[in-house]
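Close look at the chain arrangement
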Amino acid sequence: MTHTDDDVIEAAAGQVERALADTALQPEIKAFFDEETNTVSYVVHDPDTRQCAIIDSVLDYDAASGRTSHESADPILDHIRQHDLTVEWLIETHAHADHLSAAPYLQEKLGGKLAIGREIIEVQEVFGKLFNAGSDFERDGSQFDHLFTDGETFMLGRIEGMALHVPGHTPADYAIVIGNAAFIGDTLFMPDFGTARADFPGGDARVLFRSTRRLLSLPAQTRLFMCHDYKAPGRDEYAWESSVAEQRAGNVHVKEGTSEDEFVEMRTARDRTLAMPKLIMPGVQVNMRGGHLPEPEENGVSYIKIPVNTL
Ligand SMILES: [Fe+2]
């Protein structure tokens, strides 16, 4: 895909170029890595107005005991308080299948609007059915304060932001571009690890390839921030920042010159070998509700269901 046939990417590229040309339009970024789920959460702020966005926070969940805790979320809380930041947004790049979101916990303490892509409605449809969630589970995205559409712009203080629809891993994946930085969710991973899987319900390898092409048509110096890292053969350290130039040159799954058919064949074969993530059952059930636990039953307890022989 070239700039000329994608107006949204052209607009996003313009935003990135403006930020690259003016350091006052570049956000400050702090990453928080959860080794338990290999997830990276981010706090992104405008140094001038101190407005911030929290992206993909993690609620700790012990599957054996069914207990949640806040060891991963509390450092985010501390960072925001210590730096005197105001939370404008809590953004989920997609409904995660490998961890639970801490957005409701952080929102209760700090305020801000909880946002995800509007295609979450499709995800709620699929998983509402899978978990037989009942009619009290609204499948209209109303658990969130805001639903992004492709190309939608917003401001983080003085810094421009844009939401880019990048489906494939799930139907509702968005990349969030803030100034010259893009938080790309589960699309590309670090160049030596490749791309996200595309075999969850609603996933599609061909669609994922096209989304990676969209991201790689942003300006070469765009900073790219991953949602996960698993290290890679020959690399001992976790890493989560790359650039469009590095991904174009060296991504092991989608570097320049890779054809869509080659990618689809590789991705499909590889996905067949992958086990389901340990926390997919609780993760999806909680994240389709915007990070809220299922409604408590009449004894006041929330239950996580496990559909047997369905996934
Ligand atoms: Fe994911």
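Residues numbered from 1 in each chain as written. Predicted model: local features only at pLDDT ≥ 70, side-chain atom pairs only at ≥ 80, totals over all residues.

A few points about the sheet that holds strand β9 (residues 153-156)
- Across the sheet, which stays open at both edges, the six strands sit in the order β9-β10-β11-β12-β13-β14 with mixed pairing between neighbours. One side of each edge strand has no neighbouring strand; the edge strands of this open sheet are β9 and β14 (241-243). Between one strand axis and the next, the sheet turns by 25 degrees as a mean value, whatever way the strands run.
- Judged from the five bridges that link them, strand β10 (residues 159-165) and strand β11 (residues 174-178) form a sheet pairing that is antiparallel. (Pairing = 2+ DSSP bridges. Helix = DSSP H or I, 4+ residues; strand = E, 2+ residues; numbered from the N terminus. Axes fitted to C-alpha atoms, helices over the stretch in contact; angles between N-to-C directions.)

What about the nonpolar core?
- A175, A182 and I184 are the most contacted members of the largest nonpolar core, which has 79 residues in total.
- Beyond its immediate stretch of four places on either side in the chain, A182 contacts A175, V177, L215, L218, T222, R223, L224 and F225. (Core = buried A, V, L, I, M, F, W, Y, C linked by C-beta atoms within 7 Å. Buried ≥ 20, exposed ≤ 12 C-beta atoms within 10 Å, placed from the backbone. Contact = placed C-beta atoms within 7 Å.)

Some thoughts on helix α3 (residues 103-110)
- For α3, the set of buried residues is A103, P104, Y105 and L106.
- Lining the buried residues of α3 we find β3 (51-55), α2 (74-82), β6 (86-91) and β7 (113-117).
- Positive backbone phi, approximately 80 degrees, marks G111, located one or two places after α3.

Looking at the packing of helix α5 (residues 205-216) against helix α7 (residues 260-271)
- Interhelical geometry of α5 versus α7 gives an angle of 125 degrees and a closest axis separation of 9 Å. Relative to α7, the element α5 is oriented oblique. Crossing handedness for the pair α5 and α7: right-handed. When α5 is examined against α7, the residues A205, R206, L208 and F209 are found in contact with a partner set consisting of E260, F263, V264, R267 and T268.
- Split into classes, the residues belonging to the contact of α5 with α7 amount to five nonpolar, one polar and three charged. (Parallel < 35°, antiparallel > 145°, perpendicular 65-115°, else oblique. Left-handed = near helix turned anticlockwise from the far one by under 90°. Nonpolar A, V, L, I, M, F, W, Y, C, P; charged D, E, K, R; others polar.)

Brief notes about the UniProt feature "domain: Metallo-beta-lactamase" (unreviewed entry) in the protein
- Per the UniProt annotation, the sites labelled "domain: Metallo-beta-lactamase" (unreviewed entry) are residues 38-228.
- End C-alpha atoms of residues 38-228 are separated by 5 Å, and the span's content is 21% helix alongside 28% strand. (UniProt positions renumbered as here; feature names shortened; annotations may be inferred.)

Comments concerning the sheet that holds strand β8 (residues 146-148)
- One open sheet accounts for six strands, arranged β1-β2-β3-β6-β7-β8; its pairing is mixed. Each having just a single partner strand, β1 (28-34) and β8 make up the two edges of the open sheet. Adjacent strand axes in the sheet meet at a mean angle of 25 degrees, parallel and antiparallel pairs treated alike.
- The sheet strands contacting α2 are β1, β2 (39-45), β3 and β6, and the helix crosses β2 at an angle near 15 degrees.
- Against the sheet, α3 engages β3, β6 and β7, with an angle of about 160 degrees to β6.

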